[in-house]
Structures are given as structure tokens and as C-alpha cells.
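Here are the chains, one letter per residue:
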Amino acid sequence: MTKVAQGMLVLTCLAPICFVQAAVAAGRREAGLAVALVVAVVALVAVCLALLWGAARVATPVPKKVAEPTAKDSEPLAFLVAYALPLVSAKEGSSASLLGLGAFALVMGAALWQLQVFHVNPVLALFGYKFFGAKSEGASVLVVSRSRVLAAGELPVIRLTESLWLYCGGSESRRAG
Amino acid sequence: MNLLLAIQRGEVVREVRLAREAHAALSESMGALAERFVRREDDDGVRMIGVALPEFLWRCRAALPNDVQALTEDSLRDQPPVALVAIDTGTSPRFCFQALGGRRVLQEGRALLFNPRAFGLNRRPGLVVADRLDAVHVEGRLHFRSEHTVRRFLNVGRSGGDAKQGIAAL
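Reading guide: rules and limits
- Residues numbered from 1 in each chain as written.
- Chains lettered and ligands numbered in written order.
- Predicted model: local features only at pLDDT ≥ 70, side-chain atom pairs only at ≥ 80, totals over all residues.
- Heavy atoms only, no water.
- Salt bridge = Lys/Arg side-chain N within 4 Å of Asp/Glu carboxyl O.
- Helix = DSSP H or I, 4+ residues; strand = E, 2+ residues; numbered from the N terminus.
- Contact = heavy atoms within 4.5 Å.
- Buried area = accessible area lost by both parts, 1.4 Å probe.
- Polar contact = N/O pair within 3.5 Å; in protein donor to acceptor, adjacent residues only side chain to side chain.
- Nonpolar A, V, L, I, M, F, W, Y, C, P; charged D, E, K, R; others polar.
- Axes fitted to C-alpha atoms, helices over the stretch in contact; angles between N-to-C directions.
- Parallel < 35°, antiparallel > 145°, perpendicular 65-115°, else oblique.
- Left-handed = near helix turned anticlockwise from the far one by under 90°.
- Core = buried A, V, L, I, M, F, W, Y, C linked by side-chain atoms within 4.5 Å.
- Buried < 20%, exposed > 50% of the residue type's maximum accessible area, 1.4 Å probe, protein only.

> For this particular structure, what's the right way to read the pattern of salt bridges?
Should their charged atoms come close, side chains of opposite charge can pair. All names here are of chain B. In this structure the tally under the stated criterion is twelve salt bridges over all chains. Put simply, Arg59 and Asp67 hold a salt bridge, and the shortest N to O gap is 3.1 Å. For Arg77, the salt bridge goes to Glu108, with nearest N and O atoms at 2.9 Å. Linking Arg77 in helix α3 (residues 73–78) with Glu108 in the loop between β6 (105–106) and β7 (112–114), this pair joins segments that are 31 residues apart in sequence.

Spelled out as C-alpha cells, the structure:
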């Protein structure tokens, strides 16, 4: 996955925040801002899904050793609560400007990129993807999977980045969940 | 085939990352070639010895190790691979080897590729995949035609005597 694609994936983490901000803007009768944010949300969600679909369609999975997979269920929720909830409770004029939201998105995107914490992405969770933290030959990796359960072993994965892998297991493993 | 690796001099392997279509096509052809090779259907002097693969290859039998780098344009240019190895990973792994000579490594601008209207020079380096295998290692046995060819990419014994003893033992 190219750096641009990685950047887009990071940006998609911010879609729910934009959605909350859109709802807040609609509540304040700021129709233009609300519509713009909803369009941004739809675009980000589409980009996110297209990136994963494209990676799975173009790249070939390779077997990689994965040990100690543990689900990272709570992280998207924590991310939402930490960054979207303050927007709802913000007073009018304090954080409703598009400029402020843009600056916030920029800083958040940079931080998420730097930390490579793609698992805080609530959009992927919404579409049935689960994140698992795991070890591979001593290195920490993050595995994105449609399966509810991920067993340790040699798994077919597509490497989206060095530490972010997309699990491409068969239907048996999906049924197992 | 789950993995395609390029063997470079000095017992270095690099991952040959394939697009999905190329992977499907190569998997099919490599599988068919390996079956014919091991069954000796062509019967053109395939021999067999019991031998363990060197560790730099054997450690790839189940999964791709994290320290194996991808074969890039630069690495292809700077250190052309001496062989390709297609691996069916698993509990009974199969390694299919193809030796790569200088003529099967395409440098940019050295090959004419036909595009829909006329031939054009290749702008990027590439590899030519042969329609034959030079060796197959499966179930602890190495099937091969020419020891000389195998020695270009695999150190399977310190002397010719080792191979002969292996053949005699089998």
C-alpha cells in the first residue's frame, strides 16, 4: 500500500467525528456545513472500503506466522468517546467552524499515522472488520480480519503496511466465528 | 504455490511479490510442472537424493519470515537472482526451483515487448519464467536433472561424492 493510500486510511478514522460534527451543525441550523460534512463522511467511508477491497483484489496473500492474537474491541469505542463526544457537548461557536475541524483532522491524522494505530478506526468496525493485536517473530503487528475469531498459526495475509496485515482466511474460519 | 522467492548469491532470498493474476497463473503452471518432474513423466534423466535443504530456505517452509525483503527493481539490477523457488508451504512443503541465467533477467531497454501495435523496449527490469523446472525438493528428497545446474543456486553437498552416496543409498 502506498503512502498516499496509508494516509487515506488514516483519514478515514476521522469519518465518525465528521459525522458527529455534521449532526451538531444540523442541530444548529448550519445546513451548509452539515451537508459538507456528510459528503466528507460518505467519501471517507467509500475510500476506506475501496482501499481494503482493492488491496484484497490486487495483492496476493502470503503465509505469515501469527502468535498470541488478541482482539482490540474497545479501542474504536474509546477513540470515539474521547474525540467525538466533546463535539456534542461543545458550546455554539466554540468548535463548530470547519477550519477548526480541519485543523483537528490534520493533527489527528498526523498522530495516527505516526503511531500507526489504524485499529482505532471505527469505520472498519462498522463494516464488520475486527482488529487483532498479535506477535510475529517477536514483532508487534495488527491484523484486520472479517472473522470474529483469529487463531494463531501460519495465516494468509496481505501486508497493507509493515505492521498492518489484512487476514485473507477462507470461509471456514469466518463460519467458525 | 504460496510463496515465490528469488535466491541471490550468498544464500540470500527475496520475496517476489506477485499480482493476483500472475500468482494464479504461475501457481497452476508450477504445480503441473512439479507433478510431472517428480513422477518423471518426461523421463529425461531426473535423479533423486535424500538431502536437507539449507536453513535459509528451509525456514520459509511454513511462512514468510519477517526479515525477508522484497525483490525490487534496484535489487534485481544490482544483484540479479540466480534462481526462483516456488514454495507450497505447509507440513509437507514442496520447493520448486528454476535456475536463472543472465539471459532470463531482463534489464530495462534490453527486450522488445509487443504492445498492441508494435514492439517497444521494456522500460522496467523483469524476469523470464521458464516452462521447466531444474529441481524439486519434497518430503526430504531432491529431484533434479543436472547437479551442475543445482549447484548454481543450492549447496546440496560438499562434494560430488555426497550426491553419489545419496543416490546409492536410495
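Next comes the rest of the account.
> Quick question: what am I supposed to make of the interface of chain B and chain A here?
Put simply, an interface is often sized by how much accessible area is lost when its parts join up. Of the residues lining the interface, 14 residues belong to chain B; the matching set on chain A comes to 17 residues. The largest per-residue losses of area from chain B upon contact with chain A belong to Arg20(B), Leu64(B) and Asn66(B), which jointly make up 48% of the total buried on that side. If you look at where chain B meets chain A, you find one salt bridge. Between Arg159(A) and Glu15(B) there is a salt bridge, with the nearest N and O atoms lying 2.6 Å from each other. At the boundary of chain B with chain A, the tally comes to eleven residue pairs in polar contact (both at pLDDT 80 or more). Residues of the side of chain B that touches chain A, tallied by class, amount to seven nonpolar, four polar and three charged.

> Please clarify how the packing of helix α1 (residues 3–12) of chain A against helix α3 (residues 31–58) of chain A should be interpreted in this entry.
Working note: a packed helix pair is described by the angle between its axes plus the distance between those axes. All names here are of chain A. The geometry of α1 relative to α3 is characterised by a closest axis approach of 9 Å and an angle of 130° between their N-to-C directions. Here α1 lies oblique to α3, going by the angle between them. Regarding α1 and α3, the two cross each other, and that crossing is left-handed. Residues Ala5, Met8, Leu9, Leu11 and Thr12 of α1 touch α3, and the partners they reach there are Leu44, Val47, Cys48 and Leu51. Split into classes, the residues belonging to the contact of α1 with α3 amount to eight nonpolar, one polar and no charged.

> Could you clarify how one ought to interpret the nonpolar core in this entry?
In summary, soluble globular proteins display a tendency toward joint burial of nonpolar side chains. Counting 35 residues, the largest nonpolar core has Leu112(A), Leu160(A), Leu164(A) and Leu166(A) as the members making the most contacts within it. Counting only elements with at least two residues in this core, the list comes to α1, α2 (15–27), α3, α6 (98–115), α7 (122–126), β3 (139–145) and β5 (164–167) of chain A. At ten residues, α3(A) tops the list of elements feeding residues into this core. Setting aside residues no more than four positions away along its own chain, Leu166(A) makes contact with Leu52(A), Ala56(A), Tyr129(A), Val144(A), Pro156(A), Val157(A), Ile158(A) and Leu160(A). Counting 27 residues, the second largest nonpolar core, distinct from the first, contains Val62(A), Leu3(B), Ala83(B) and Phe97(B).

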